[in-house]
Amino acid sequence: MQALRRLGEWTNSTRVAVIAVIMAIAIALLSSTVYTLIHSLASDWAEYSEADRVDLNHLRNLRVATGYGGFIHNFKNYVLRREATYYIESGRRLDEIEGAIGKLRDRVQDQNGLRALDAMGRVFAEYRDRWIYAGTDEAKGLSAEDLDRRVRVNDAPALEAFVVLSTQMQMQRTVGVTRFEQNLRNIAQVSMLGLAFIP
């Protein structure tokens, strides 16, 4: 009660000063909150962007190492032409494939993605066995057609795995962007709420 009486004794200028101090504190708290949210958002976005870049880079490297100019292309050329440069290059590309699969395995957390990597790993392990065989003296004595029949691998599971991994990464990207957009909306709401209290 006594505090209310004292409040009644305050002059208008004292009341205005107290209200101004309260508003300044509120604005400072609001600014601090918005700054913290923006800083967190920027940090989350940087982390998400880097992870997305790394994942896509590993998948791209895997595609390059397997496709035209990669393992399968060079291995097929070796089988047909028997030139050592194709054998060496296909072996180098096979190493890249196995490395990229390992790097993706370290990053993929989804069971479907891990199963896809397992399937891809099995296909390229079979290719590794066929590649080793193709370099033997026995294989060198075969015609190109006979060697091709002996080293042929069903790579459909690896192709399916590429689809699964690409789809998974697209879904992760969508989730990351959606989370970023929600955080932006939260910042806008907090900012608008703060502006509503400024006279």
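The structure we're discussing is the one just above.
Since the structure is predicted, the reported quantities are computational estimates derived from the model, not experimental observations.

Draft legend 1. Seen up close, the environment of Tyr 48. By the secondary structure assignment, Tyr 48 is in helix α2 (residues 12-66). Distance in space between the C-alpha atoms of Tyr 48 and Phe 180 is 9.4 Å, their sequence separation being 132 residues.

Draft legend 2. Quick look at the side chain of Asn 74. Mapped onto the elements of the fold, Asn 74 is located in helix α3 (residues 71-81). Under the relative-accessibility criterion, Asn 74 is labelled buried at 7%. What Asn 74 contacts, discounting residues up to four positions off in sequence, is Gly 69, Tyr 86, Glu 89, Ser 90 and Arg 93.

Draft legend 3. A look at the pattern of salt bridges. What the rule picks out here adds up to 15 salt bridges. Between Glu 96 and Arg 92 there is a salt bridge; the shortest N-O distance is 2.4 Å. In this pair, Glu 96 and Arg 92 both sit in helix α4 (residues 84-107), 4 residues apart, roughly one turn of the helix. You can call Glu 96 partly exposed: its relative accessible area is 29%. Judged by its relative accessible area of 39%, Arg 92 is partly exposed. The partner of Asp 146 in a salt bridge is Arg 149, with the nearest N and O atoms 2.3 Å apart. Pair noted here: Asp 146 and Arg 149 are both in helix α7 (residues 144-151), with a separation of 3 residues, about one helical turn. A residue is classified by how much of its surface remains accessible, and Asp 146, at 29% relative accessible area, is partly exposed. Taken together, the shared-partner salt bridges connect Glu 89, Arg 92, Arg 93 and Glu 96 into one network.

Analysis parameters
- Residues numbered from 1 in each chain as written.
- Predicted model: local features only at pLDDT ≥ 70, side-chain atom pairs only at ≥ 80, totals over all residues.
- Heavy atoms only, no water.
- Helix = DSSP H or I, 4+ residues; strand = E, 2+ residues; numbered from the N terminus.
- Buried < 20%, exposed > 50% of the residue type's maximum accessible area, 1.4 Å probe, protein only.
- Contact = heavy atoms within 4.5 Å.
- Salt bridge = Lys/Arg side-chain N within 4 Å of Asp/Glu carboxyl O.

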